[in-house]
Amino acid sequence: MKHFCRIFTGILLLAVFSASAEVNYQIKISQPQHHLADVEMTMPVDAAGSVLVHLPAWRSGKYQILDLANGVRRFAVADANGQALSFKKTEKSTWQIDVKQQGNITIRYQIYANQLDTRTRHIDDSHGYLNPSAVLMYSESTRLQPVTVQLTVPAGWRSTSGMAKGPKPHSFVAANYDVLADSPIETGIHQSFQFKVDTRDYEVVIWGDGNYDAKQIVADLEKLAGQTSSIWQGYPYQNYLFIIHSSVGARGATEHLNSTVIQRDRFSFKTRQHYLDFLSTASHELVHTWNVKAYRPAELVPYDYLNPNYTKLLWISEGSTSYFQNQLLLRAGLMTSKEFYADLAKSLDRFDRLAGKTEQSVAESSFDNWISLGGDHGDNFSVNIYSEGYLVSWMLDHWLLDKSQLRASYRSLHSELYKKFSKTTAFTDVDVRNIAKQLTGKSLDAWWQQQVETPLELNTDELLASAGLVRTASEKVQAFSGITSTFKDGVAKVSKVERDSPAWQAGLTSDDEIVAVGKLQLKSALTDRLKDFKPKERIVISYFRNGRLLEAELTLGSLPEGPSIIKAMPKASKAQKAFHKAWLGVDHDLPKS
């Protein structure tokens, strides 16, 4: 009986220990000018033996292995009594620790943070941007345990995050490591603004100087936040954080659980087009809070932080988000119909010239995104989960509107995805097709096979005409070589040659260095020089390849001199106008002259 009591007591103590245990992180930024931080992680261990800790090899929102452990140095471990524990590194992102007894262990290491452009970690003398998945380690044994984070930062700094605030200044708490990993921290000297929409609290934090109008940004983000109900009913968050970095050279953005980080060159806010690009990005990331964070492809649940999560549905995660982003701006009055049509025309112009559209489906592109090359080979032999995912989303929207007689749209489908999967997060392609059938009474299977599983076939004129729109190409044409290059010091270095273009047929390729056209030395960009010629003219291009001077003769092709234009049909029918309204949520109006 005594033996049984001792066993029972031991089990009870272990259960209490496991239930009450949490993981604590301390981040000390004492050398910001050198991009360094000291990290201390205290975690519970249930029993003696080997314990594995990891730093993720990638971060959510960027489906690419980044090997984030490359900034870790001075790794050390001690038990609750301060005694050093032995360890060994077993692979690039994993450390194996030999633990002698149950209790807490403390792991210490230094992290180097100078990767602003990857939106992983960046520390300097004015701020720290910390994506926890690039800074804080985890163990599978405690991945689901509550966590606390305490920062020690220079005087005058302020810290904010999508995580709940902790009991002390510069502290945060999260339900588990997955919440922590998806909740970046911005600490430093920055501007902060707040607003409220539909009982939800929003904060806008801007780090860095620039030619932006902060009040205008905040006012426009407030208008944007008010439009999400046009797609989803309800919210996956109570508070939302926009982190804006205005610096030199950095671009891009990343979605997180209830926040985003948006990076822009500090002098890229003034022109209308640049500002629209910023708003489109903000809209894209806000849409992601539902599409990817509240529901995402089943293969992405849970995240495998050390290895790729492969899925054939990334085109929904990214392309459909791109598809919705400008629709929200249009509904909010932040983008005009003319600007919306111009952006759509730009996408169609790109697709018209995309050689890769016959080579790869959006499903294949989704699966291979982890190893996608981009650039020359990417455009010639691949499609993109963003741009072609956008077009497939448009086509599916059209299919739903048509089959349901305008009663259901692609917004309806995503609303259902949120309703059905916001608790479990994970959905499959079968779920998408089933929802489409529920909304329309029609099977999506044949369409899915034709447009998703095989290279898509786009009938632009038919899609536009349904909404009372027409697209026309520029009447003026210009000479076309198929070469994309950058000019420096008298050399046009080729970065891309379009497949089956005149330059492709002549044998030119990426990394060729063009020095002369028509036996005359280049003095400016190749695009400027080609303006001296007309379509169908034969020209001689002199170039270096691997240090050897070569020549290629080609016959120039032709391209429209400007982008195509999408306009409202002057005599659109009532049916076309109704389709336009159901599609975009705004009236079909002719532009004022």
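So, here is what we can say about the structure in this document. (Residues numbered from 1 in each chain as written. Predicted model: local features only at pLDDT ≥ 70, side-chain atom pairs only at ≥ 80, totals over all residues. Heavy atoms only, no water.)

When helices and strands are counted, the protein shows 16 helices and 32 strands. Here the C-alpha atoms of the protein give a radius of gyration of 27 Å, agreeing with the 25 Å that 2.2 N^0.38 yields for 593 residues. Across its three principal axes, the protein shows a C-alpha extent of roughly 95 × 65 × 45 Å. Expressed as a percentage of the 593 residues in the protein, the buried residues total 52%. A separation of at least 24 residues holds for 68% of the contacts in the protein among residues at least 6 apart in sequence. Surface accessibility of the protein: about 26,900 Å² in total, with carbon and sulfur atoms responsible for 51%. If you average the places of the 66 positive and of the 64 negative side-chain charges in the protein, the two averages end up 3 Å apart. (Helix = DSSP H or I, 4+ residues; strand = E, 2+ residues; numbered from the N terminus. Rg over C-alpha atoms; globule rule 2.2 N^0.38 Å. Buried < 20%, exposed > 50% of the residue type's maximum accessible area, 1.4 Å probe, protein only. Contact = heavy atoms within 4.5 Å. Areas by Shrake-Rupley, 256 points an atom, 1.4 Å probe, with all protein chains shown as cover. Lys, Arg positive; Asp, Glu negative; His and termini not counted. Charge placed at Lys NZ, Arg CZ, Asp CG, Glu CD.)

As a further point, take the environment of alanine 76. Structurally, alanine 76 can be placed in strand S4 (residues 72-79). Each C-alpha atom of the pair alanine 76 and serine 86 lies 8.4 Å from the other, and the pair is ten residues apart in sequence. In contact with alanine 76, not counting residues within four places along its chain, are Phe87, Thr106, Ile107 and Arg108.

To continue, consider the layout of surface pockets. In this structure, the second largest pocket encloses a volume near 990 Å³. Looking at the lining of the second largest pocket, the elements with two or more residues in it are helix H6 (337-353), helix H8 (375-381), strand S23 (469-472), strand S24 (477-480), strand S25 (483-488), helix H15 (526-530) and strand S31 (557-560). Considering only residue class, the lining of the second largest pocket consists of 16 nonpolar, eleven polar and twelve charged. (1 Å grid on protein atoms, 1.4 Å probe; cavity = no way out; pocket = protein on both sides within 12 Å on 5 of 7 lines; lining within 4 Å. Points joined across faces, edges and corners; volume = space filled by probe spheres on them. Nonpolar A, V, L, I, M, F, W, Y, C, P; charged D, E, K, R; others polar.)

Here the focus is the pattern of salt bridges. When charged atoms on two side chains of opposite charge get close, those side chains can pair. One pass over the full model with this rule turns up 26 salt bridges. It is possible to trace a salt-bridge network through shared partners that takes in Arg350, Asp379, Glu388 and Lys496. (Salt bridge = Lys/Arg side-chain N within 4 Å of Asp/Glu carboxyl O.)

The subject of this paragraph is the side chain of glutamate 498. Along the chain, the position of glutamate 498 falls in the loop between strand S26 (491-497) and helix H14 (502-505). Using a relative accessible area of 16% as the deciding quantity, one classes glutamate 498 as buried. Within the local environment of glutamate 498, its side chain forms a polar contact with the side chain of arginine 353, the two groups lying 2.7 Å apart. (Polar contact = N/O pair within 3.5 Å; in protein donor to acceptor, adjacent residues only side chain to side chain.)

To continue, consider the sheet that holds strand S1 (residues 23-31). The strands making up a sheet are joined through hydrogen bonds of the backbone, oriented either antiparallel or parallel. Pairing in this open sheet of seven strands is mixed, and the strands run S4-S7-S2-S1-S11-S14-S13 from one edge to the other. Two strands close off the open sheet at either side, each with one partner strand: S4 and strand S13 (164-165). In this sheet, strand S14 (residues 171-174) lies alongside strand S11 (residues 147-152) in antiparallel orientation, the contact comprising four bridges. Bridge pairing in S14 links valine 147 to alanine 174. (Pairing = 2+ DSSP bridges.)

Next up on the list: the pairing of S11. For S1 and S11, the ladder comprises six bridges, and the chain directions are parallel. Opposite asparagine 24, over in S11, you have threonine 148 as the bridge partner.

Here lysine 293 shows up in the loop between helix H4 (272-288) and strand S21 (296-297). A distance of 3.4 Å separates polar atoms of two side chains, one belonging to lysine 293 and the other to serine 60.

As a further point, take the nonpolar core. For soluble globular proteins, nonpolar side chains are generally found buried alongside one another. Counting 88 residues, the largest nonpolar core has Trp394 and Trp583 as the members making the most contacts within it. The residues touching tryptophan 394, leaving out its near neighbours within four places in the chain, are Tyr323, Leu344, Leu348, Leu458, Thr460, Leu463, Leu464 and Trp583. Residues Val51, Leu85, Ala113 and Ala174 belong to the second largest nonpolar core, which totals 55 residues. (Core = buried A, V, L, I, M, F, W, Y, C linked by side-chain atoms within 4.5 Å.)

Moving on to the sheet that holds strand S10 (residues 127-130). Pairing is antiparallel across the open sheet formed by five strands, whose spatial order is S8-S9-S10-S15-S12. Of all the strands in the sheet, just strand S8 (114-115) and strand S12 (158-161) have a single pairing partner and so form its edges.

The α-helix winds at 3.6 residues per turn, so residues separated by three or four positions along the chain end up facing the same way. Restricting attention to buried positions, one finds in helix H16 (residues 574-584) the residues Gln576, Phe579, His580, Ala582, Trp583 and Leu584. Elements that come into contact with the buried residues of H16 comprise helix H5 (314-331), H6, helix H9 (387-403), helix H10 (410-421), helix H13 (460-466) and S23. The first or second residue beyond H16 is glycine 585, which carries a positive phi of 80 degrees.

Here the focus is the pairing of strand S2 (residues 36-45). Most of S2 sits out of view: eight of its ten residues are buried. Two strands pair when backbone bridges link them, and S1 and S2 are joined in this way by six bridges, in the antiparallel orientation. Residue tyrosine 25 lies in a different strand from S2, and its bridge partner there is methionine 41. With antiparallel pairing between neighbouring strands as the criterion, S1 and S2 make up a hairpin whose turn holds four residues, including histidine 35 at a positive phi of roughly 65 degrees.

Okay, the environment of phenylalanine 87 next. Among the secondary structure elements, phenylalanine 87 is positioned in strand S5 (residues 87-91). Note on phenylalanine 87: relative accessible area 35%, which makes it partly exposed. Along the chain, phenylalanine 87 and alanine 76 lie eleven residues apart, while their C-alpha atoms are 8.1 Å from each other. Phenylalanine 87 has contacts with Phe75, Ala76, Val77, Trp95, Gln96 and Ile97, leaving out every residue within four places of it along the chain.

Treat this as a map of the structure, not an account of what it does.
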